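Here is what each chain is made of, one letter per residue.
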Amino acid sequence: MTSDVSETRVMWGDSAAEPDWEAVYAEQLPRVYNYLRYRMGNEALAEDLTSRTFEKAWRDRYRYRRNLAAYSTWLLRIARNVATDHQRTSHEHVALEEAAETPADGSPEEEAVLTSNFARLSALIAVLPERDRELLALKYGAGATNRAIADVTGLSESNVGTILHRTVQLLRTRW
Amino acid sequence: MDDDFMLSAWRRPRAEFARKLRQNLDRVESEELVTQHPRPVARYLAYAATVLLVVGAFTLPSVRAGAQAFLDLFRVVHFAPVSVHADQMRKISPEKGMNLAKLLGDQVEVLKEPAPPKQLATIQEATAAAGVRIREPAWLPVGFQQVGIDVMDEHAMRVTLNSSTLNQLVDAFGIDDLRVPDSINGKTATVRVHPIVHIGYMRSGDNARKVSLMQGRSPEASLPAGLDLATLAEMGLRVLGMEKGEARRFAQSVDWRSTLVVPIPVEAASFRQIDVRGNQGLLIEMASRERSERHAEGPPVRHILWSAEGSVFALTGNVPAEELFEIAQNVQ
């Protein structure tokens, strides 16, 4: 069966327990947005892809099955697909400095430092292999646990931990 | 550099962005509530049945209330389209608080949790899984091929009626002239949705189109004996936003043991009743092709609902109306 067919699948009579989608939105928006922000390194693009992710999720939400995945994992899978699709169709590598446009919470001096630091960090992340960027985005953008990252990526939990440790070490040396 | 540093780049989304996205999702909800994805059609069939089931219990005549339970059985034979406004539809969506299961809390007991959908290889397997003969269209437009079969498991729940909770539900919709009698307390009703088989068809290439056919035994609701179904229906129609007098007239003119209300938002879809192989059917047409991500090309998405010999059918596709109608006529 193709994915197209599964996408048109209908479920008559799902579980009586419906997720509170309003709560899902409030809770998951920052996580999805920051995942895409870390992964893509661009504020405007992260917003655009976040919108696409949620709109797709909203259209498919009646097919969500609680017993198969947590909301967060389900949404992150959609976000990953959206990001990958975007990268496939766009060879554009956007300057990462834009990612630091959003003001941080804190004094102007603190904001300036954080903004500068993130611009620099984004530039370092941008040259990492795709898989490593992905793991960093899941870990620090989405706030996912190593186990959740393993679920989403198909890597083992220990492998996730190893790669993340090595990647952060690498960033540290380049900082 | 450590975790704190890595996390220091984390930002909350801009408030304006979050607000606009939420508005977009409201729009998506509104569109989905109509019929662009086959799920909402079926979903609202089920919701309509549940709403009618629950509010119908209000009118249980006390003189008969203590008699026998589960003597009345509801099955879908006819569909009654009812135009409603999207705002009213949103009110009865789970996201807007009209989550019946949540509202009723302990009063809903899931009797049969559905297993995950299962892919099947043949129509024979589908027939065995559904417990009813699965039919296929003997005719398809040129270029269409079957691309998959799957079955959704059966699902059943029992609702224990409670007047005070149900009155809260009625109050929430501003209905103050109909009240739930205490005599219904403790009575139970069951809703059973039988396995549903989905068959997908697709035409690839520049002129790509999709058609899907869902079918299964009619959902059933076993109701406490003695329900005044006409009044039950009237209350359900009021919940859907129908004006008081119109709801009363409409409710009195229909056999509610075999008719299921299909709410259709006037802003986004039109409908007409049709004949499908000698059975009353309902053709629903989306107002705009732009509303469907998966049916973005070609004619707008249309749905045909009908019932025959104890089974319910829903045919969906982004093909011209005459082609979809022809497919429906050839389901055998």
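Rules of the game
Residues numbered from 1 in each chain as written. Chains lettered and ligands numbered in written order. Predicted model: local features only at pLDDT ≥ 70, side-chain atom pairs only at ≥ 80, totals over all residues. Heavy atoms only, no water. Helix = DSSP H or I, 4+ residues; strand = E, 2+ residues; numbered from the N terminus. Contact = heavy atoms within 4.5 Å. Areas by Shrake-Rupley, 256 points an atom, 1.4 Å probe, with all protein chains shown as cover. Phe/Tyr/Trp six-rings, centres within 6.5 Å; stacked < 30°, edge-to-face > 60°. Buried < 20%, exposed > 50% of the residue type's maximum accessible area, 1.4 Å probe, protein only. Pairing = 2+ DSSP bridges. Axes fitted to C-alpha atoms, helices over the stretch in contact; angles between N-to-C directions. Parallel < 35°, antiparallel > 145°, perpendicular 65-115°, else oblique. Left-handed = near helix turned anticlockwise from the far one by under 90°. Nonpolar A, V, L, I, M, F, W, Y, C, P; charged D, E, K, R; others polar. Expected span 1.5 Å × (residues − 1). Polar contact = N/O pair within 3.5 Å; in protein donor to acceptor, adjacent residues only side chain to side chain. Arc of directions from axis to C-beta.

Novice: So what exactly am I meant to see when it comes to the overall build of chain B here?
Specialist: Along chain B, the regular secondary structure elements total 11 helices and 15 strands. A fraction of 72% describes how many contacts in chain B between residues 6 or more apart in sequence connect residues 24 or more apart. Accessible surface for chain B amounts to roughly 13400 Å². Of this, 47% is attributable to carbon and sulfur atoms.

Novice: I would appreciate a short explanation of the packing of aromatic side chains in the present structure.
Specialist: Where two aromatic rings form a pair, the distance of their centres and the angle of their planes describe that pair. Residues and elements named next belong to chain A. Applying the stated criterion across every chain, the model contains five aromatic pairs over all chains. For the pair Y25 and F54, a centre-to-centre distance of 5.4 Å together with 80 degrees between the ring planes defines the contact as edge-to-face. With Y25 in helix α2 (residues 21–40) and F54 in helix α3 (residues 43–60), the pair connects residues that are 29 residues apart, well separated along the chain. F54 carries the same exposure label as Y25, and that label is buried. Measuring from centroid to centroid gives 6.2 Å for F54 and W58, while their planes differ by 55 degrees, and the two rings are tilted. Taken together, the residues span about one helical turn, with F54 and W58 both in helix α3 at a distance of four residues. Here F54 and W58 have matching classes, each one buried.

Novice: Please clarify how the pairing of strand β12 (residues 269–276) of chain B should be interpreted in this entry.
Specialist: In the case of a regular strand, side chains alternate between the two sheet surfaces. Residue and element names in this part refer to chain B. Sheet analysis places β12 next to strand β13 (residues 279–286), joined by eight bridges and oriented antiparallel. Across the sheet, A269 pairs through a bridge with M286, a residue of β13. The hairpin formed by β12 and β13 contains two residues between the paired strands, and R277 there has a positive phi angle of roughly 50 degrees.

Novice: Even after reading the chapter, I still don't get the packing of α2(A) against α3(A), so can you show me in this structure?
Specialist: A pair of packed helices is captured by two measures, namely the crossing angle of their axes and the spacing between those axes. Residue and element names in this part refer to chain A. Contact geometry of α2 with α3 gives a least axis separation of 9 Å together with a crossing angle of 140 degrees. Between α2 and α3, the crossing angle belongs to the class labelled oblique. Seen along the crossing, α2 lies across α3 with a hand that is right-handed. Between α2, through W21, Y25, Q28, L29, V32, Y33, L36, R37 and M40, and α3, the contact on the second element is made entirely by E43, L45, A46, E47, L49, T50, T53, F54 and W58. Residue composition of the contact of α2 with α3, grouped by class: 12 nonpolar, three polar and three charged.

Novice: Any chance you could explain α3(A) here in plain terms?
Specialist: Because an α-helix packs 3.6 residues into every turn, residues spaced three or four apart end up facing the same way. Residue and element names in this part refer to chain A. Between the first and last C-alpha of α3 there are 26 Å, a value that for 18 residues agrees with the 26 Å anticipated at 1.5 Å per step. Of all the 18 residues making up α3, 14 are buried; the element is thus mostly covered by neighbouring parts of the structure. Two or three places before A44, at the opening of α3, N42 has a side-chain oxygen 3.1 Å from that residue's backbone nitrogen.

Novice: What is the right way to read helix α8 (residues 157–174) of chain A from this model?
Specialist: Residue and element names in this part refer to chain A. Compared with an ideal rise of 1.5 Å per residue, which puts 18 residues at 26 Å, α8 spans 26 Å between its outermost C-alpha atoms and is within 8% of the ideal. Taken residue by residue, α8 has V160, I163, L164, T167, V168 and L171 as its buried positions. Relative to the axis of α8, the buried residues are bounded by an arc of 130 degrees and lie together on one face. Seen from the open side of α8, the exposed residues pointing more than 90 degrees away from its buried face are S158, H165 and T173.

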